[in-house]
Amino acid sequence: QVQLVESGGGLVQPGGSLRLSCAASGSIFSAYTMAWYRQAPGKQREQVATITPGGSGGSPNYADSVKGRFTISRDNAKNTVYLQMNSLKPEDTAVYYCNALGPTGTAFASWGQGTRVTVFS
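J.: Could you clarify how one ought to interpret the sheet that holds strand 1 (residues 3-7) in this entry?
T.: Pairing between the strands of a sheet is mediated by backbone hydrogen bonds and can be parallel or antiparallel. Spatially, 1-3-8-7 is the arrangement adopted by the four strands of the open sheet, whose pairing is antiparallel. Looking at strand neighbours, the two that pair on one side only are strand 1 and strand 7 (70-75), the edges of this open sheet. Pairs of neighbouring strands in the sheet enclose a mean axial angle of 15°, with direction left out of account. As defined by bridge partners, strand 7 adjoins strand 8 (residues 80-85) across six bridges and the pair is classed as antiparallel. Following the sheet pairing, Ser73 is matched in strand 8 by Tyr82.

What follows is the structure, given as structure tokens:
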């Protein structure tokens, strides 16, 4: 079982940056593809970035809406996955969550509390 704790959210103006962290515990973190999701008010949760296990830090993949602005990374020694968010836009406002993905690409851990990101002008 994997337990997840997200942190790093906050208030930021458009064009600003934030770095989110997700600390995982309880299982073999390094064996799993990890993902960041977000849920904006009134919308469904969407996946924004994934990163494979990978001995050299993993291979990232991004939703089109964040490509070129967000960077996902992981530190297997610290059981932590990060999301560096640059050039933030008001539409990035959401609660951000991380999760581990199973073989079919489905999130399987219990969802954490998430961390709220608000981009305001």
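Resuming the write-up.
J.: When you look at the packing of aromatic side chains in this model, what are you seeing that I'm missing?
T.: Considering all chains together, one arrives at three aromatic pairs under this definition. Here the aromatic rings of Tyr37 and Trp111 are separated by 5.1 Å at their centres, their planes lie at 85°, and the arrangement is edge-to-face. Placement of the pair is Tyr37 in strand 4 (residues 33-39) and Trp111 in the loop between strand 9 (94-101) and strand 10 (115-119), with a sequence separation of 74 residues. Looking at Trp111, the relative accessible area reads 35%, which means it is partly exposed. The positively charged end of Arg19 is found above the aromatic ring belonging to Tyr82, 4.0 Å away from the centroid.

J.: Would you mind going over the side chain of Arg69 with me for this structure?
T.: Looking at the secondary structure, you find Arg69 in the loop between strand 6 (60-62) and strand 7. A polar side-chain atom of Arg69 sits 2.9 Å from the main-chain carbonyl oxygen of Ser65. If sequence neighbours within four positions are ignored, Arg69 has contacts with Gln84, Met85, Asn86, Ser87, Leu88, Lys89 and Asp92.

Rules behind the numbers
- Residue indices follow the written sequence of each chain, beginning from 1 at its first position.
- Under the rules for a predicted model, residues below a pLDDT of 70 receive no local features and side-chain atom pairs below 80 are neither given nor counted, while totals for whole chains, interfaces and linings still include all residues.
- Water and hydrogen atoms were dropped before computing side-chain values, which therefore reflect all heavy atoms in the structure.
- Strands are treated as partners if at least two bridges between them are detected by DSSP.
- The helix and strand labels rest on DSSP assignments: H or I over at least four residues marks a helix, E over at least two residues marks a strand, and numbering proceeds from the N terminus.
- Here, axes are lines fitted to C-alpha atoms. For helices the fit covers the stretch in contact, and angles between N-to-C directions go from 0 to 180 degrees.
- Aromatic rings from Phe, Tyr and Trp, taking only the six-membered ring of Trp, are treated as a pair when their centres fall within 6.5 Å; an angle between ring planes under 30 degrees marks them as stacked, one over 60 as edge-to-face, and anything in between as tilted.
- Relative accessible area decides the class of each residue, using a 1.4 Å probe on protein chains only: under 20% of the type maximum gives buried, over 50% gives exposed, and in between gives partly exposed.
- Sitting over a ring, as applied to charges here, requires NZ of Lys or CZ of Arg to be within 6 Å of the ring centre and within 35 degrees of the ring normal.
- Here a polar contact is taken to be a pair of N or O atoms separated by no more than 3.5 Å, where protein atoms must pair a possible hydrogen donor with a possible acceptor and residues adjacent in sequence count only if both atoms sit in side chains.
- For this analysis, residues touch if any pair of their heavy atoms sits within 4.5 Å.

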